[in-house]
Amino acid sequence: MAKINLLRHLVLALMLYSVATAKEHLRIRRQAVESVTVALPNASKVIASEEIETQTEIPNSKAKPTEINKTEKPIETVETRNSAFDLPASSDSSSPLGSEEDNIYYDNAPIDCNPDLVGFEIVTGYVFSAPEKLMDSQPGTLMLTDCLDTCRKNKTCQSVNYETGLCVLFSAHADQLPGALTKSQFPVFTIYAQKSCLSVKPCSRAWYVDRVQNYKLKTEVKRTVSVASRRECFELCLSETEFTCRSANYDRVSGACELSELDRLTLAGSNAFQTNEGSDYLENHCVDEPNKLCEFKRLRGRILKTVDSVYQEVSSIDECRELCLNSPYRCHSYDYNDTGDMVCRLSHHSRATLADVQEPFLEVPEASTYELSSCYNVTIECGGGDMLARIRTSKLFSGKVYAKGSPKSCSVDVKSALDFELRMNYHDLECNVRQSTAGRYVNDIIIQHHDMIVTSSDLGLALACQYDLTNKSVSNGVDLDVRGDIMPALSEEVIVESPNVIMRITSRDGSDMMRSAEVGDPLALKFEIVDEQSPYEIFIRELVAMDGVDNSEITLIDSNGCPTDHFIMGPIYKGSVSGKVLLSNFDAFKFPSSEVVQFRALVTPCMPSCEPVQCEQEDTSGEFRSLLSYGRKRRSLNSTDDHPRPRRDIDTSKKSAPSDMLLVQSIQITDKFGFKQDKQESGDYYDGNETTFTANEEGHGFCVNAIGLITAATIFLLTQLAVIAIWTYCYQRRQKLQPYQHSY
């Protein structure tokens, strides 16, 4: 609770800093106006002398004119559709006094542009510093959209600086004063927005392009055009119709404009976004991206210093999530209840778009930011004999899509695509399309990110095509259910001698033995030497997961002891100081063809201690980081000599050298797609772990258990033997008594 209060005090301090900055802007502006006012009498004399010398008529105005050098050539003015936004070059060194409205002095004449053609471009992490061009400061502005609307309605406003809680309006922009745009400093980062008058109508979103200076997206280029300005480059991207233009690279020297159908978000996690001096990266903010079936990843311990919107009195985190998905801009992250009770903050930024901003996050242990991972829009085309599922995603997808239960026979492999599809024929037994009622066909498909295993990131979709048999009109629907029941599973344990090492599947902290799990559950593989007094330590390599059905397997820890994919299996680390226990964290996954996952690992003892190996892993931002894993001796991995090192003689009479040990462990893992209920309703559900029976309409079905049948038969035979024995005894007794009966 104390840390949460500390966070709120820190946010309050940032707000006060913004207010103080606004007051400082107002003070500087007043000083500039006063200095110009004091200098006006002398300036009038200069103006008069200049009129005599140059025979140039100067209109009657309060504006302070610029001195004219007779030796220089006059400046030629080129009229363009954006010229109304351009200030003369001489305005960089002068501070003219313009028209007065509500005690606010403006530098320019009103801008004449169709309101429908006015748009903004955003530059994050930069601040525009031009006190003589400052129009107004508005502390307490909690919405970037409100700040932009204020500038849009004011014809004189050409640019704004925005921080959470502060909006500053300017009558000039960075293209007129290039040196005035600099990187923003601690404690917050500033968002600079520049107004432009376009030749094409921008979208209805708050701004139309994100610009990053001196960066370039190195990816496939769909079209390259030579243009005269940056504005023409992003106008080409906005008006592109042959393909979806998501971004453009503009070379300020050559004028080359490269259009691409990818951007920083679709390529998140790659190294495509790189620094490139002299280039401007332009990201189309008007592009329509998928907004259904969206998944947010939780980023613990940090929140953004500057956000685009702050909403108060938001009742739940789900409502905050909906505000993000329905915002007037492309929202990619949000946080809730971290800066105040029922406070929801939204931003169009995520880690993928903040590579050029220094320290954009505020480290707070109890806080969390939720980043948009990916969204999927699914449409169904119902044909005369098949259904076609078309899938569009917001991030490059690599994996497979297949019909539930047919991961190999009815599937499509996808590699780095934003759009893909799966066609399922109604009469194809492999695709398992079922007819639930007359004219209604249903099926379940899986969108699987990994080529071989099912993880918590995968999606299950229930598809349906309903036909009106009279006029053949088609309707379709898409449902998602990620719930599922945990089925009981068996778990076995193998103990290897000298030293005794066991491998177990436990909870994340290594405490409880897990016998069954559900996809996405946090688990850990635990390797432990049973004898605490053992002189050995152990290291792990060649950890493999197998399905046990069709010999499918995936390598989790390679022969060097490093994770092959740290999103599936983490590095091996010590669970205790002594080195007798090793752990590796993972989220439960399964193979499409089986619910049983079997783990096999090669364990090698070492003494007196095992040294970790250094592994290079790529994180979600595309950067490589080093991590330690107790997988293999460092000497064997880092040895680069051409000739082997000479071995020292070891006295084996005292203790024999240990050899590699093979450990095997299995667990049953169920998926989370929850198709069982739908299938039971259609009457086509079958579970291979259940006993099935058939009954006619008059009778009742019953289950026969083999052990029960044997027990009943045994009891029956023993009863028969007892009856025979009693009958034999009675018969023999009767035969003995017969002579005595005749004697009477």
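Throughout, residues of each chain are indexed from 1 in the direction in which the sequence is written. Side-chain atom pairs in this predicted model are given and counted only at pLDDT of 80 or more, local residue features only at pLDDT of at least 70, and totals for whole chains, interfaces and linings cover all residues. Side-chain calculation: all heavy atoms of the structure are included, whereas hydrogens and water are not.

In the annotation of an unreviewed UniProt entry, the protein chain is listed under the name Cuticlin-1 and assigned to Drosophila rhopaloa.

Pairing of aromatic rings covers Phe, Tyr and the six-membered ring of Trp, with a centre-to-centre limit of 6.5 Å; geometry is then stacked below 30 degrees between planes, edge-to-face above 60, and tilted otherwise. Scanning the entire structure with this criterion turns up 14 aromatic pairs. Where F296 meets Y334, the ring centres are 5.1 Å apart and the plane angle is 70°; that geometry is what we call edge-to-face. In this pair, F296 is assigned in strand β15 (residues 295-304) and Y334 in strand β17 (residues 333-336), connecting sequence segments 38 residues apart. Of the two residues, F296 and Y334, both sit in the buried class. One cation-aromatic arrangement involves R264 over F273; the distance from NZ or CZ to the ring centre is 5.4 Å. Criterion for a charge above a ring: Arg CZ or Lys NZ at most 6 Å from the ring centre, at most 35 degrees from the ring normal. Directly above the ring of F361 sits R302, whose terminal nitrogen or CZ lies 5.3 Å from the centroid. Secondary structure elements follow DSSP: runs of H or I no shorter than four residues count as helices, runs of E no shorter than two count as strands, and numbering proceeds from the N terminus. Residue exposure (1.4 Å probe, protein chains only): buried if accessible area is under 20% of the type maximum, exposed if over 50%, otherwise partly exposed.

Considering the arrangement of structural elements, one finds S347 in strand β18 (residues 344-347). When near neighbours in sequence (up to four residues on either side) are disregarded, S347 contacts L304, V307, D308, Y329, C331, H332 and S333. The criterion used for residue contact is that any of the two residues' heavy atoms lie within 4.5 Å.

Turning our eyes to something else, we now look at the nonpolar core. Think of a nonpolar core as a cluster: buried Ala, Val, Leu, Ile, Met, Phe, Trp, Tyr and Cys residues, connected wherever their side-chain atoms sit within 4.5 Å. The biggest cluster of nonpolar side chains holds 37 residues, and the ones touching the most others in it are L525, F527, L556, F589 and F599. Elements represented by at least two residues in this core include exactly β27 (501-507), β29 (522-529), β30 (537-546), β31 (553-557), β33 (581-587), β34 (596-606) and β37 (661-670). Ignoring sequence-local partners within four residues, the contact set of F527 consists of I502, M503, I538, I540, K580, V581, L582, A601, V603 and L663. In terms of nonpolar packing, the next biggest core, distinct from the first, is built from 30 residues, A193, V314, C344 and Y370 among them.

Restricting attention to buried positions, one finds in helix α3 (residues 230-239) the residues R230, R231, C233, F234, E235 and C237. Buried positions along α3 lie against β3 (118-124), β9 (191-197), β10 (209-217), β12 (247-251), β13 (256-260) and β14 (273-284).

Empty space among the atoms can be located by rolling a probe the size of a water molecule over them. Computed over the protein atoms alone on a 1 Å grid, cavities are sets of points where a 1.4 Å probe fits but cannot get out and pockets are open sets with protein on both sides within 12 Å along at least five of seven lines; a residue lines them when it has an atom within 4 Å of a point. Grid points are joined across faces, edges and corners, and a volume is the space filled by probe spheres set on the points. Throughout the structure, instances matching the rule amount to 6 cavities of 30 Å³ or more. If you add up the space inside the second largest cavity, you get close to 70 Å³. Residue lining of the second largest cavity: I122, V123, T124, D210, R211, V212, R264, H349, T353 and D356, and that is the complete set. Polar here means any residue other than Ala, Val, Leu, Ile, Met, Phe, Trp, Tyr, Cys and Pro, which are nonpolar, and Asp, Glu, Lys and Arg, which are charged; Gly is therefore polar. Class assignment of the residues belonging to the lining of the second largest cavity gives a composition of 3 nonpolar, 3 polar and 4 charged.

We call a pair of cysteine sulfur atoms a disulfide when they lie within 2.5 Å. Scanning the model with the defined rule gives 12 disulfides in all. The partner cysteine of C294 in its disulfide is C375, sulfur to sulfur 2.0 Å. With the S-S bond torsion at 115°, the cross-link from C294 to C375 turns out right-handed. In this pair, C294 is assigned in the loop between β14 and β15 and C375 in the loop between β19 (361-374) and β20 (376-382), connecting sequence segments 81 residues apart. Note on cysteine connectivity: C410 is disulfide-linked to C431, with sulfurs 2.0 Å apart. Here C410 and C431 share a disulfide; its torsion about the S-S bond, 90°, makes the bridge right-handed. Separated by 21 residues along the polypeptide, C410 in strand β22 (residues 406-425) and C431 in the loop between β22 and β23 (434-437) bring together distant segments of the chain. Judged by its relative accessible area of 3%, C431 is buried.

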